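# Structural features, examined
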Amino acid sequence: MNFHDYDLIIVGAGFFGATVAERAANQLGKRVLIIDRRSHIGGNAYSENDRQTGIEVHKYGAHLFHTPNRTVWDYLSRFTRFTDYRHRVFTSYRNQVFAMPINLGTICQFFGRQFSPDEARALIAAQAAELEGRVPRNLEEKAISLIGRPLYEAFIRGYTAKQWQTDPRDLPESIITRLPVRYNFDNRYFNDPYEGLPVDGYTAIFKRMLDNPLIDVQLATDYFAVRQAIPSDKTVVYTGPIDRYFDYRAGELKWRTIDFQEEVLPVGDFQGTAVMNYADEDVPYTRILEFRHFNPERDYPADRTVIVREYSRFATRADEPYYPVDTLEDRRTYLAYRKLAEEETGVIFGGRLGTYRYLDMHQAIGAALKSFETEVSPRLIGAERAA
């Protein structure tokens, strides 16, 4: 691996890195090398077909593509067609199943009577008035101010306690800035105008994005093992953990991670839907995914199905980080790293890990397109002119 042969080095083969690589090669004609410590492309969006059933499994949790951004939708549509999948989520609470997010149907079912939209609004407003105008001091109080105590106790408290392994009264209110309540019977999970799943799966998208002789991919390669061999005049796009890049000199940023327990069952349909949340605190997992329901158009076996139970916990350095904990201390730590990053003249930081923020797929793509236009492209063009 001769780094001198490349115009751009990208660390990480997820959506941010793949988008920058695709643009640099196809728009600018630059030679790009992507390195990733994993054995596959696609980052956390990687999917593969289960060997026993042929069912496509998202290996790092359910990935549902949706976006309000027409530019991002049109960009990704160059590499895939989308199904007409519309995501719907249900929650199990005390052996009953309710539609999420909370909508008029949820309210009618939970309180055991029919409400008009105005009646439901008045009910929730009365229950949310518990704090009497006092500024919420923690997650629990913030949630109650938005949806009232009964709905909070049923659908938020136990799930949040499992997800964060912390009493919601000890979590900052900023974690839950809003809880959507729909006063109609719309149980579609996302509001975005563009939504669907890739017809051929997620991994096929990355293969097409990176299908250019100017792009090379080196997998199972730790950036920190080869870092010293990269010439100092090369532009690097780094999408790994920003605190790891600086050897944790300003402290360690905290993340939540997920353990996945995958199982093939001898039934054609285990739960009747793609995602079932479990709000009861005595159920150890947060949700169960059943992947056949993401692609009902496919000819999957009628006698077998794949499910995955998700267990949330704090991440160690050896884990895959998913959700930034983002306490005030974490924010101060990240600001220290961002200041250090601004002093790294040859490195551009991007992606979830490089910017310490949770990014949906469409947000990662949008951020990558912007970074390419405002940072990567000017540097590459400037280097070309200097040469």
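None of these values were measured; they are calculated from a predicted model.

What counts, and at which threshold
- Residues numbered from 1 in each chain as written.
- Predicted model: local features only at pLDDT ≥ 70, side-chain atom pairs only at ≥ 80, totals over all residues.
- Heavy atoms only, no water.
- Helix = DSSP H or I, 4+ residues; strand = E, 2+ residues; numbered from the N terminus.
- Rg over C-alpha atoms; globule rule 2.2 N^0.38 Å.
- Contact = heavy atoms within 4.5 Å.
- Areas by Shrake-Rupley, 256 points an atom, 1.4 Å probe, with all protein chains shown as cover.
- Domains from an automatic or database assignment.
- Salt bridge = Lys/Arg side-chain N within 4 Å of Asp/Glu carboxyl O.
- Buried < 20%, exposed > 50% of the residue type's maximum accessible area, 1.4 Å probe, protein only.
- Pairing = 2+ DSSP bridges.
- Axes fitted to C-alpha atoms, helices over the stretch in contact; angles between N-to-C directions.
- Expected span 1.5 Å × (residues − 1).
- Arc of directions from axis to C-beta.
- Phe/Tyr/Trp six-rings, centres within 6.5 Å; stacked < 30°, edge-to-face > 60°.
- Lys NZ or Arg CZ within 6 Å of the ring centre and 35° of its normal.
- Polar contact = N/O pair within 3.5 Å; in protein donor to acceptor, adjacent residues only side chain to side chain.
- UniProt positions renumbered as here; feature names shortened; annotations may be inferred.

## Description of the overall build of the chain
- Scanning the chain from N- to C-terminus turns up 12 helices and 16 strands.
- In terms of overall size, the chain behaves like a compact globule, its C-alpha atoms giving a radius of gyration of 23 Å where 387 residues would be expected to give roughly 21 Å.
- Structurally, the chain occupies a C-alpha span of about 75 × 50 × 35 Å along its principal axes.
- Here the contacts in the chain between residues at least 6 apart in sequence split such that 73% fall between residues at least 24 apart.
- Accessible surface, the chain as shown: approximately 18,300 Å² in total, 46% of it carbon and sulfur.

## Looking at the domain arrangement of the chain
- According to the domain assignment, the chain consists of domain 1 (3-81 + 195-254 + 321-386) and domain 2 (100-175).
- Put simply, the middle of domain 1 and the middle of domain 2, counted by C-alpha atoms, are 36 Å apart.

## Concerning the pattern of salt bridges
- One pass over the full model with this rule turns up 29 salt bridges.
- Between arginine 149 and glutamate 130 there is a salt bridge; the shortest N-O distance is 2.7 Å. Of this pair, arginine 149 sits in helix 6 (residues 149-164) while glutamate 130 sits in the loop between helix 4 (117-128) and helix 5 (139-147), and the two are 19 residues apart along the sequence.
- In this structure, arginine 313 and aspartate 319 form a salt bridge, with 2.8 Å as the shortest nitrogen-oxygen distance.
- With a relative accessible area of 23%, arginine 313 lands in the partly exposed category.

## Remarks on the sheet that holds strand 1 (residues 8-11)
- Across the sheet, which stays open at both edges, the five strands sit in the order 9-2-1-10-16 with parallel pairing between neighbours. In this open sheet, the two edge strands, each paired with only one partner strand, are strand 9 (215-218) and strand 16 (347-349). Strand-to-strand twist of the sheet, defined as the mean angle between neighbouring strand axes without regard to direction, takes the value 20°.
- Sheet topology places strand 2 (residues 32-35) next to strand 9; four bridges connect them, and they run parallel. In the strand pairing of strand 9, valine 32 is matched with isoleucine 215.

## Let's talk about helix 10 (residues 328-342)
- End to end, helix 10 covers 21 Å across 15 residues, agreeing with the expected 21 Å (1.5 Å per residue, within 8%).
- Buried residues of helix 10: Asp330, Thr333, Tyr334, Tyr337, Leu340 and Ala341, and no others. The buried residues of helix 10 occupy an angular sector of 110° when the element is viewed end-on, so they sit on one face. Residues of helix 10 that are exposed and angled more than 90 degrees away from the buried face: Leu328, Arg332, Lys339 and Glu342.
- Buried residues along helix 10 sit against helix 9 (242-245), strand 16 and helix 11 (351-355).

## Quick look at the packing of aromatic side chains
- Scanning the model with the defined rule gives 32 aromatic pairs in all.
- Aromatic side chains tryptophan 255 and tyrosine 356 sit 5.0 Å apart centroid to centroid with 85° between the ring planes, which places their arrangement in the edge-to-face category. Note that tryptophan 255 is positioned in strand 11 (residues 255-265) and tyrosine 356 in the loop between helix 11 and helix 12 (361-386), a separation of 101 residues in sequence. For the residue pair tryptophan 255 and tyrosine 356, the accessibility class agrees, reading buried in each case.
- Here the aromatic residues Tyr223, Phe224, Tyr238, Tyr245, Phe246, Tyr337 and Phe349 are joined through ring pairs into a cluster of three or more.
- For arginine 244, the ring lying beneath its charged end belongs to phenylalanine 224, and the centroid distance is 3.8 Å.

## Here we look at helix 5
- Of all nine residues that make up helix 5, seven are buried, and the element is covered over most of its length.
- For helix 5, every residue scored as buried is listed here: Leu139, Glu140, Glu141, Lys142, Ala143, Ile144 and Ile147.
- Those residues of helix 5 that are buried lie in contact with helix 4 and helix 6.
- With a side-chain oxygen lying 3.1 Å from the backbone nitrogen of glutamate 140, the N-terminal cap of helix 5 falls on asparagine 138.
- A positive backbone phi angle near 85° is found at glycine 148, which sits one or two residues after helix 5.

## Let's talk about the UniProt feature "domain: UDP-galactopyranose mutase C-terminal" (unreviewed entry) in the chain
- Under the UniProt annotation, "domain: UDP-galactopyranose mutase C-terminal" (unreviewed entry) lies at residues 154-358.
- Annotated as 23% helix and 22% strand, the span residues 154-358 places its first and last C-alpha atoms 26 Å apart.

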